[in-house]
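# Descriptive structure summary
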Amino acid sequence: MTNGEKAFLALSETLNFTRAADKLFISQQGISEHIKKLEEDYGTMLVIRKPRVQLTQAGKVLQNMLMRQEAMDRDVRQTISEINRGDAGEVAIGISVSRVRAFAADIIGRYHVTHPNVNVRLYSDITMNLESMLLDNKLDGIIAVNAVPHRNLQMERLFKDPVYLAVPDHIAQERTGDATIVNIEDYADLPFIRDLPDSTTSLLIDPFLESRNVHLNNIINVSEYAVQASLCNRFDAAMFCAKSFAYYKEGSIVQAGLRTLEVEGLKHTVDISLVTSRLRNYARCTREFFQTIKDSLEMFYEKVM
């Protein structure tokens with residue numbers, strides 16, 4: 001990649017000449033000259049300078065192509081590095097923010113034992129943002145929740161994760177005894193600690209409740225499972241959670257002493273998938289990280305499901 005192309009990529013990411021110059025340790029004038037030379041070479045304007053820095057349509061196309069080229073160059077360098085020095089390189093992985101605590105430690109721990117010279121960079125965010133980073137070649141792969149299909153992405157489902165009800169044990173004992181499968185109507189009068197309305201869990205639960213004509217008493221909406229579990233204990237309330245969290249020993253549901261119950265008729269599940277790029281020729285260390293993900297989550301699935 002030429003210096004001009006590197007300067008354009010830096011500017012396309014920052015949309016600020018000063019920050020782009022700082023990123024590349026050159027002067028602002030140097031950035032401007034590189035961009036001007038690229039525009040002359042391509043015979044079109046790539047950047048709108050005023051009133052604020054923006055990419056033209058041609059600039060956006062060039063940005064996309066250069067980011068793909070940058071990722072391919074990185075794959076080539078890692079592959080050659082593996083040939084010359086053995087198993088070395090760098091892997092950038094994204095994990096859904098809701099699953100990172102349950103999945104990350106075992107995956108990275110397993111991988112590091114056999115690949116001690118590979119630097120692993122882990123990003124945690126909502127799946128939609130991680131998919132955008134993957135498409136921009138800022139990530140090598142992601143562990144996604146209900147990933148959206150895209151022509152440039154390859155999705156491999158790892159497991160389906162059902163949604164359960166969780167309540168303090170004494171309430172479950174009073175209402176349904178030792179039953180493991182319950183009707184939501186038997187718990188509908190409880191105060192509920194719910195996820196945010198646009199969360200994956202809410203999008204699964206709400207249509208089910210509507211089909212049963214059940215209206216819950218939502219007293220608090222919060223996205224963090226650990227906070228939900230703590231509030232359930234404090235207010236003798238109920239919550240919904242993915243089954244993988246319900247039986248995850250180090251997780252907040254178990255730690256809070258909540259009982260997890262399967263809800264009669266609730267068949268919706270959350271898809272957990274490994275998502276990678278169709279356009280990449282991944283280095284060996286990256287391919288082996290993907291296999292570690294599959295092996296680790298297969299064992300996780302067997303333990304909790």
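Residues take numbers from 1 onward in each chain, read along the sequence in its written order. It should be noted that, the model being predicted, local features are given only for residues of pLDDT at least 70 and side-chain atom pairs only at 80 or more, the latter also being counted only at that level, while totals for whole chains, interfaces and linings use all residues. Side-chain figures throughout are based on the complete set of non-hydrogen atoms in the structure, without hydrogens or water.

### A closer look at the packing of helix α1 (residues 3–14) against helix α3 (residues 28–42)
Heads up, the condition is: Lines fitted to the C-alpha atoms define the axes, with helices restricted to the stretch that makes contact. Angles between their N-to-C directions range from 0 to 180 degrees. Secondary structure elements follow DSSP: runs of H or I no shorter than four residues count as helices, runs of E no shorter than two count as strands, and numbering proceeds from the N terminus. Throughout this description, any angle smaller than 35 degrees is read as roughly parallel, any larger than 145 degrees as roughly antiparallel, any in the 65 to 115 degree range as roughly perpendicular, and the remainder as oblique. We call two residues in contact whenever any of their non-hydrogen atoms come within 4.5 Å of each other. Residues are sorted three ways: Asp, Glu, Lys and Arg are charged, Ala, Val, Leu, Ile, Met, Phe, Trp, Tyr, Cys and Pro are nonpolar, and all the rest, Gly among them, are polar.
Following both chains from N to C, one finds α1 and α3 inclined at 110°, their axes separated by 9 Å at the closest point. As the angle between them shows, α1 and α3 are arranged roughly perpendicular. Between α1, through N3, G4, E5, A7, F8 and L11, and α3, the contact on the second element is made entirely by I31, H34, I35, L38 and Y42. Here the residues of the contact of α1 with α3 are counted per class, giving seven nonpolar, three polar and one charged.

### Considerations on the nonpolar core
Definition in use: As used in this record, nonpolar core signifies buried Ala, Val, Leu, Ile, Met, Phe, Trp, Tyr and Cys residues forming a set joined through side-chain atoms within 4.5 Å. Each residue gets one of three labels from its accessible area relative to the maximum for its type: buried under 20%, exposed over 50%, partly exposed in between, using a 1.4 Å probe on protein chains only.
Ranked by size, the top nonpolar core spans 71 residues in total, and within it F103, L165, I184, Y187, M239 and I293 carry the most contacts. Of all hydrophobic cores here, the second largest spans 18 residues; its members include L9, A20, L46 and L62.

### Focus on the packing of α1 against helix α2 (residues 17–24)
Put simply, the rule reads: Should the near helix be turned anticlockwise from the far one by less than a right angle, the crossing is termed left-handed; should it be turned clockwise, right-handed.
The interhelical angle for the contact between α1 and α2, taken along N-to-C directions, is 130°, at an axis separation of 8 Å. Here α2 runs oblique to α1, going by the angle between their axes. Taken as a pair, α1 and α2 cross one another with a handedness that is right-handed. For the pair formed by α1 and α2, the contact residues are K6, A7, A10, L11, E13 and T14 on the first element and F17, R19, A20, K23 and L24 on the second.

### Here's the deal with the environment of N213
Here N213 is to be found in the loop between α8 (200–211) and β9 (217–221). For the pair N213 and E185, spaced 28 residues apart in sequence, the C-alpha to C-alpha distance is 9.5 Å.

### Focus on the packing of aromatic side chains
For the record, the criterion: Only rings of Phe, Tyr and Trp enter the pairing, Trp through its six-membered ring, and a pair is recorded when the two centres are within 6.5 Å. The plane angle decides the type: under 30 degrees is stacked, over 60 is edge-to-face, the rest tilted.
Under the defined criterion, the tally for this structure stands at four aromatic pairs. Relative to F290, the ring of Y282 has its centre 5.1 Å away and its plane inclined at 90°; by these criteria the two rings are edge-to-face. Of the two residues, Y282 and F290, neither departs from the other in class, the shared state being buried.

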